[in-house]
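Reading the structure
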Amino acid sequence: MKIAVIIPTYNERENIILLLDKLIGQKGFKNRDINYLVVDDNSPDGTQKAVKEYILTHPNVFLLTGKKEGLGKALLRGMKYTVENLKAQLLIQMDADLSHDPQVAPKLLEAIDAGADFAVGSRYIPGGSIPQNWGWHRKMYSRIGNMIVRFGLGYPKIHDWTGGFRAYKSIYYHKIHNELPQYNGYVFQIAFLHKSVAAGAKVKEVPFNFTDRKFGHSKIAPSEYIKNVLVYVIGNRIEALKKSTFSKFAVVGTIGFAINTVLLEIVVALGFHPAIGSIIGAECAIISNFIWNNSWTFSDRKLKKEIRIYKFIQFNLTSIGAVIIQTAAIWLGSIFSGTQLYRYYYVIGVVLGLIWNYFMYSRVIWKKIA
Ligand code: GDD
Ligand code: MN
């Protein structure tokens, strides 16, 4: 299998050759077909000169240059080049500053050999660590940042989302690269892992000890990074909510409630008895709920034409069930504590009615056919 190691650099003259030497010397890399790609954004410190000299004696090392557009863009360019020009089927990605232990790189490949699609170098599982000498606030930032992503995106089983030490099958580049160009900076790491997992990648975490760089300095801009991470996680939550069946059900129900209320008022204003208004309002709301739930909330389980009428009658009966639940809640409530608290029991009744409706809709009327 063809493998490529992608190493983004910006002002890493003192580090890059040390890293390449260590990687090429790895025992676990000996019998593998590996190319190395340095993606340098025209570093002013002479990184490119050092790499070009190194390439003269190392034909499996490549250099890709470009203008500085951020870490995410550099990684994406590196992936494109290794996949298209070097025909890599497996990619490793790591920092140039020796914070990512070269000895762990072969272990990432072993995780893939063992069946994973995406091996994540992890600082937050047993056997992994962040530097002891970091101040407490830096440790906190790193830990809390990772927790926010982990739980915010809803993947508690993956512990290290923000790091850039990974190996993955290049098929995930093919699957998701179109969704990635907007993540220019360090948030790219999160987006790439997240979208790969969403595309079905099986993840395995491999512990490693992150060490501080000895030469040069970090290029991360903390406040911008934190903002981008929050925007990514919150934006994602909102998108997920918009797509969730329950929130669609709630929107449809609210529209139904509005129809019910408006029609009741109109019919009463026309001089009819409120009971007539209530029947007309309720039935129109039921029709609206049925149509919208069928074409939107449960669009993945749309009812076939020939059963639609039968299901509509069932839907009406279900709705009567909700009315009975609501009435029973108020009635029982007034037996226990008198009629003056009827509004509280009304609210309880509405909530119970909603649960009933949601249960009946998703399990009976628009039942999933496995
Ligand atoms: N080509 C290119 N262009 N490379 C870049 C750029 C850029 O704009 N910005 C940074 N890099 C390279 C650096 O030269 C280094 O090899 C690697 O990307 C990581 O950059 P650092 O500046 O060393 O980042 P860090 O150590 O502060 O950040 C660490 O933590 C982040 C968040 O957990 C790294 O592990 C990151 O990969 C990680 O995302
Ligand atoms: Mn670093």
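Figured I'd write up the structure that's included with this text. Sequence order as written defines residue numbering, which begins from 1 separately in each chain. For this description, chains carry letters from A and ligands carry numbers from 1, given in the order in which they are written. Reporting of local features is limited, given that this is a predicted model, to residues whose pLDDT is at least 70; pairs of side-chain atoms are given and counted only at 80 or more, and all residues count toward the totals for whole chains, interfaces and linings. Side-chain measures here rest on the full set of heavy atoms in the structure, leaving out hydrogens and waters.

Points about the nonpolar core
Only buried residues count toward a nonpolar core. Its members are Ala, Val, Leu, Ile, Met, Phe, Trp, Tyr and Cys residues joined through side-chain atoms within 4.5 Å. Between buried and exposed lies partly exposed: a residue is buried under 20% and exposed over 50% of the maximum accessible area for its type, with that area taken using a 1.4 Å probe on protein chains only. Core analysis: the largest hydrophobic core is formed by 37 residues, its most contacted members being Met79, Leu91, Leu180, Phe188, Ile190 and Phe192. Of all the secondary structure elements, the ones that give two or more residues to this core are β1 (2-9), β2 (33-40), α3 (71-84), β5 (118-122), α6 (171-176), α7 (188-198) and α8 (222-243). Any two residues having at least one pair of non-hydrogen atoms within 4.5 Å are treated as being in contact. Excluding its chain neighbours within four sequence positions, the residues that come into contact with Leu180 are Leu76, Phe188, Ala191, Phe192 and Lys195. Counting 35 residues, the second-largest nonpolar core is a separate cluster that includes Leu19, Tyr36, Leu108 and Tyr124. Segments assigned H or I by DSSP are reported as helices when at least four residues long, segments assigned E as strands when at least two residues long, and all are numbered from the N terminus.

Structural notes on the sheet that holds strand β3 (residues 61-65)
The pairing criterion is simple: DSSP has to find at least two bridges between the two strands. Spatial ordering of the open sheet is given by β3-β2-β1-β4-β6-β5-β7, a layout of seven strands whose pairing is mixed. Each of the sheet's edge strands pairs with one partner strand only, and the pair in question is β3 and β7 (203-207). Each strand axis lies, on average, 20° off the axis of its neighbour in the sheet, ignoring direction. Summarising the sheet, strand β4 (residues 90-93) and strand β6 (residues 166-169) pair through four bridges and their orientation is antiparallel. Paired with Leu90 across the strands is Lys169, a residue of β6. Fitted lines through C-alpha atoms give the axes, limited to the stretch in contact for helices. The angle between two N-to-C directions lies from 0 to 180 degrees. Along the sheet, α3 contacts β1, β2, β3, β4 and β6; its crossing angle with β1, the most-contacted strand, is approximately 155°.

Points about helix α2 (residues 47-57)
Residues Thr47, Gln48, Ala50, Val51 and Tyr54 constitute the buried set of α2. The buried residues of α2 occupy an angular sector of 160° when the element is viewed end-on, so they sit on one face. Within α2, the exposed residues directed more than 90 degrees away from the buried face are Lys49 and Leu56. Close packing links the buried residues of α2 with β1, α1 (13-24), β2 and β3. It is the directions from the helix axis to the C-beta atoms whose arc is reported.

Things to note about the pattern of salt bridges
What makes a salt bridge here is a side-chain nitrogen of Lys or Arg within 4 Å of a carboxyl oxygen of Asp or Glu, nothing more. Applying the stated criterion across every chain yields a total of 15 salt bridges. In this structure, Glu53 engages Lys49 in a salt bridge whose closest nitrogen and oxygen atoms are separated by 3.7 Å. Of this pair, Glu53 and Lys49 are both found in helix α2, four residues apart, which corresponds to roughly one turn of the helix. For Glu53, a relative accessible area of 47% translates into the label partly exposed. Several salt bridges share partner residues, and in doing so they unite Glu12, Asp97, Arg213 and Lys219 into one network.

Describing the site of ligand 1
Residues in close proximity to ligand 1 total 25 residues, the closest being Glu12, Lys68, Asp95, Ser218 and Lys219. The separation between a nitrogen atom of ligand 1 and a polar side-chain atom of Asp41 is 2.7 Å. Here Thr162 contributes a backbone N or O atom positioned 2.7 Å from an oxygen atom of ligand 1. Computed with a 1.4 Å probe, the accessible areas rest on the Shrake-Rupley method; for each residue, only the protein chains presented here act as cover. In isolation ligand 1 exposes 740 Å². Once the protein is present, 95% of that is buried. Lining residues are those with an atom within 4 Å of a point, where the points come from a 1 Å grid over the protein atoms alone and group into cavities, where a 1.4 Å probe fits but cannot get out, or pockets, open sets with protein on both sides within 12 Å along at least five of seven lines. Think of it this way: a molecule belongs to a cavity or pocket when more than half its atoms come within 2 Å of the grid points there. Comparing atom positions with the cavity grids shows ligand 1 to sit within the largest pocket. Residues are grouped as follows: nonpolar covers Ala, Val, Leu, Ile, Met, Phe, Trp, Tyr, Cys and Pro; charged covers Asp, Glu, Lys and Arg; every other residue, Gly included, is treated as polar. Each residue belonging to the shell around ligand 1 can be placed in one class, and the counts come to ten nonpolar, seven polar and eight charged. Distances are taken per atom, and a residue is near a molecule or strand as soon as one of its heavy atoms is within 4 Å of it. Residues adjacent in sequence count toward polar contacts only when both atoms are side-chain atoms; beyond that, a polar contact is any pair of N or O atoms within 3.5 Å, and within protein one must be able to donate a hydrogen and the other to accept it.

Here we look at a nonpolar patch on the surface
A cluster of nonpolar residues, Trp136, Met140, Tyr141, Ile144, Ile148, Ile226, Leu230, Ile234 and Ile238, forms a patch on the protein surface that exposes about 900 Å² of accessible area. Residue assignment for the nonpolar patch shows that the elements contributing at least two residues are α5 (136-152) and α8. Examining the composition of the nonpolar patch, we find that five residues originate from one element, α5, more than from any other. Positionally, Trp136 belongs in helix α5. When its relative accessible area of 64% is taken as the criterion, Trp136 is described as exposed. A residue counts toward a patch only above 30% relative accessible area and without a salt bridge, and it is joined to like-charged neighbours within 9 Å or, for Val, Leu, Ile, Met, Phe, Trp and Tyr, to nonpolar neighbours within 5 Å.

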